[in-house]
Amino acid sequence: MSKIDTRLNVSPVPPDEIFALNGAYAVDPHPQKVSLGVGVYRTDDGKPWPLPVVQKAEKELVVDDDLFRHEYTAIEGDVPFLGIARDLMFGFEGKQGEEGAKARIGSVQTVAGTGANHLGALFLAHHMKPATVWLSNPSWANHQTIWELAGVPRKTYPYYHAATRSFDFEGMMSSLESEAQEGDVVLLHACAHNPTGLDPNKEQWVAIADLCERKKLFPFFDSAYQGFASGSVEEDAWAVRYFFNNKPDMEMCVAQSFSKNFGLYGQRVGAFHYCTNRASTTIRDIVVNNLCHLIRGEFSMGPRVGCSIVKKVLTSDELTADWHQDLQVMSSRIKTMRKALYSELVRLRTPGTWEHIIQQNGMFSYTGLSPKQVYALKDKYHIYLLKSGRASISGLSQKNVAYVAQAIDDVIRNEN
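Residues numbered from 1 in each chain as written. Predicted model: local features only at pLDDT ≥ 70, side-chain atom pairs only at ≥ 80, totals over all residues. Heavy atoms only, no water.

Engineer: Honestly, unusual backbone geometry in this entry has me stumped. Any pointers?
Structural biologist: Backbone geometry follows two general trends: most residues other than glycine have a negative phi, and most peptide bonds adopt the trans configuration. Between Asn137 and the following residue, Pro138, the backbone shows a cis peptide bond with an omega angle of 10°. Here Pro138 is to be found in the loop between β3 (133-137) and α6 (141-150). In this structure, Pro195 follows Asn194 across a cis peptide bond, with omega equal to 25°. By the element assignment, Pro195 lies in the loop between β7 (185-189) and α8 (202-215). (Helix = DSSP H or I, 4+ residues; strand = E, 2+ residues; numbered from the N terminus.)

Here you go:
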């Protein structure tokens, strides 16, 4: 092989596990193959589900005589959309005094939730210069990449207790209490924790907020599943709203995605919200200005079409009601599939305990399967999930859940 003449100093990097797994699934000809890897909603027939309310909104947008449908927006994005996204996240509903609260929030449009996380990390790295960002162990794998690219050192706090397959609240609190320093960023999943499906309860969220306030830590919420997890946008935003409303002297931020709750995976609709404390609302516009400076140098402005769909839905009482119904459809099917898998494993008397499957929340389940068992599922049964044992519950259906349970039972018994 001839020597490559280049000035680059590059080394091979491993492929993204989720997309590599999805690619392997796509070319697998096996008739009973099952995809439990990628985090996208599927119907009971295993098909994508464009939300009916989104289809309605799209038809109305096409009919609208909008001469500017394909024009640029502002650098900060579609301004009416940003107000709608902010109000959905923080729960503003025309209550007296909310204008003062809104004045604390600077919002910009982003390229989905990934872009919101990246923009927020880059902004904090430049202007707050945290010594450390604390990520849950485990967390969404892309969080590591995003903060690595921002140049902020990363540490982890305990989150998953493997022996009990439960949320390690005591480990999290003890670690942050003893090791986190003033000015550190703490990344928190607003709901439907990825990959474990385990969330703090409200009492625990209150304690986490108290700790962040007392130790002067900076909460960074990643909200990818509002309305999708429980079926209620209010319930899934509870933690964000509690921090914002009950800790007004604490700054924080939120990365918001509309991929899951509107089914707009390819439209890349998101927003980043920076919340000042109540004593420094005058810097909000400066914050937005600096965020726009970063946006202009990266992607100039967010995409228009997806945010127009969200805006169309959430400015119509009728369409908003339809959207809430669609959220119920998705969240209910996920819960039904959790119960079905659990029931099958119990019926088979699969060794171990499986209550965690129905106790977890949202799209994913941390099954407790070992990498060896995961590989056996793929090689023997053509069932695809991450080597960590994280399974996307949306890939289950009434047609395949018994097959998946039987396969899990087999690898549990024979692949120790």
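Engineer: Help me understand the nonpolar core, please; the structure alone is not making it clear to me.
Structural biologist: In terms of nonpolar packing, the biggest core is built from 63 residues, with Tyr225, Phe262, Trp323, Leu341, Leu377, Ile383 and Ile408 touching the most fellow members. Mapped by element, the contributors of at least two residues to this core are α2 (52-63), α3 (79-90), β10 (269-275), α13 (305-314), α14 (317-347), α16 (371-381) and α17 (401-414). When residues of this core are assigned to their parent elements, the largest contribution, 10 residues, is made by α14. With residues near it in sequence (within four places) discarded, Leu377 still touches Leu369, His382, Ile383, Leu385, Ala407, Ile408 and Val411. (Core = buried A, V, L, I, M, F, W, Y, C linked by side-chain atoms within 4.5 Å. Buried < 20%, exposed > 50% of the residue type's maximum accessible area, 1.4 Å probe, protein only. Contact = heavy atoms within 4.5 Å.)

Engineer: Please clarify how the side chain of Ser257 should be interpreted in this entry.
Structural biologist: Counting through the fold element by element, Ser257 comes out in strand β9 (residues 252-257). A polar side-chain atom of Ser257 sits 3.1 Å from the main-chain amide nitrogen of Ser259. Setting aside anything within four residues of it in sequence, one finds Ser257 in contact with Gly113, Ser223, Ala224, Val269 and Gly270. (Polar contact = N/O pair within 3.5 Å; in protein donor to acceptor, adjacent residues only side chain to side chain.)

Engineer: Help me understand α6 in this model?
Structural biologist: Working note: α-helix, 3.6 residues per turn, so residues spaced by three or four point in the same direction. When α6 is considered as a whole, its buried residues turn out to be His143, Ile146, Trp147 and Ala150. Seen along its axis, α6 keeps its buried residues to an arc of 90°; they face one direction. Every exposed residue of α6 that faces more than 90 degrees away from the buried side is listed here: Ala141 and Leu149. As for α6, its buried residues are in contact with α5 (112-127), β3, β4 (154-158), β7 and β8 (218-223). Immediately beyond the C-terminal end of α6, within one or two residues, lies Gly151, with a positive phi of roughly 80°. (Arc of directions from axis to C-beta.)

Engineer: In this structure, what is going on with the packing of aromatic side chains? I would like to understand it.
Structural biologist: Here a ring pair, both rings aromatic, is described through the centre-centre distance and the interplanar angle of the planes. Scanning the model with the defined rule gives 24 aromatic pairs in all. Ring centres of Trp205 and Phe221 lie 5.8 Å apart, and the angle between their planes is 45°; on these two criteria the pair is classed as tilted. Taken as a pair, Trp205 in helix α8 and Phe221 in strand β8 lie far apart in primary sequence, 16 residues in all. Members of the aromatic cluster, connected to one another through ring pairs, are Tyr41, Trp49, Tyr225, Phe228 and Phe364. Note that Arg165 overlies the ring of Trp354, its terminal NZ or CZ placed 5.1 Å from the centroid. (Phe/Tyr/Trp six-rings, centres within 6.5 Å; stacked < 30°, edge-to-face > 60°. Lys NZ or Arg CZ within 6 Å of the ring centre and 35° of its normal.)

Engineer: How do you make sense of the pairing of β8 when you look at a structure like this?
Structural biologist: In the case of a regular strand, side chains alternate between the two sheet surfaces. The buried fraction of β8 amounts to 6 of the 6 residues, a majority that puts the element mostly inside the structure. Both faces of β8 are covered, namely the face carrying Phe218, Phe220 and Asp222 and the face carrying Pro219, Phe221 and Ser223. Alignment of β7 against β8, held across 5 bridges, turns out to be parallel. The residue of β8 that forms the bridge with Val185 is Phe218. Following the backbone out of β7, through α8 and into the adjacent parallel β8, one traces a crossover that is right-handed. Strand direction decides the pairing type here: β8 and β9, joined by 4 bridges, are parallel. Bridged to Phe221 within β9 is Val254. (Pairing = 2+ DSSP bridges. Right-handed = clockwise from strand over helix to strand, strands pointing away.)

Engineer: Even after reading the chapter, I still don't get the environment of Trp238, so can you show me in this structure?
Structural biologist: In this fold, Trp238 is placed in helix α10 (residues 238-246). Sequence separation between Trp238 and Gly91 is 147 residues, and the spatial gap between their C-alpha atoms is 9.3 Å. In contact with Trp238, not counting residues within four places along its chain, are Lys202, Trp205 and Val206.

Engineer: Would you mind going over the packing of α16 against α17 with me for this structure?
Structural biologist: Relative placement of two packed helices is described by the angle separating their axes and the distance separating the axes. Packing of α16 against α17 brings their axes to within 10 Å, and their N-to-C directions diverge by 125°. As judged from the angle between their axes, α16 and α17 are oblique. Of the two possible hands of crossing, α16 and α17 adopt the one that is right-handed. Contact residues: Gln373, Ala376, Leu377, Lys380 and Tyr381 in α16; Tyr403, Ala407, Ile408, Asp410, Val411 and Ile412 in α17. (Axes fitted to C-alpha atoms, helices over the stretch in contact; angles between N-to-C directions. Parallel < 35°, antiparallel > 145°, perpendicular 65-115°, else oblique. Left-handed = near helix turned anticlockwise from the far one by under 90°.)

Engineer: What's the story with the pairing of β9 in this structure? I'm lost.
Structural biologist: The buried count for β9 comes to 6 of 6 residues, which makes it a mostly enclosed element. Because side chains alternate across β9, one face comprises the buried residues Met252, Val254 and Gln256, and the other comprises Cys253, Ala255 and Ser257, equally buried.

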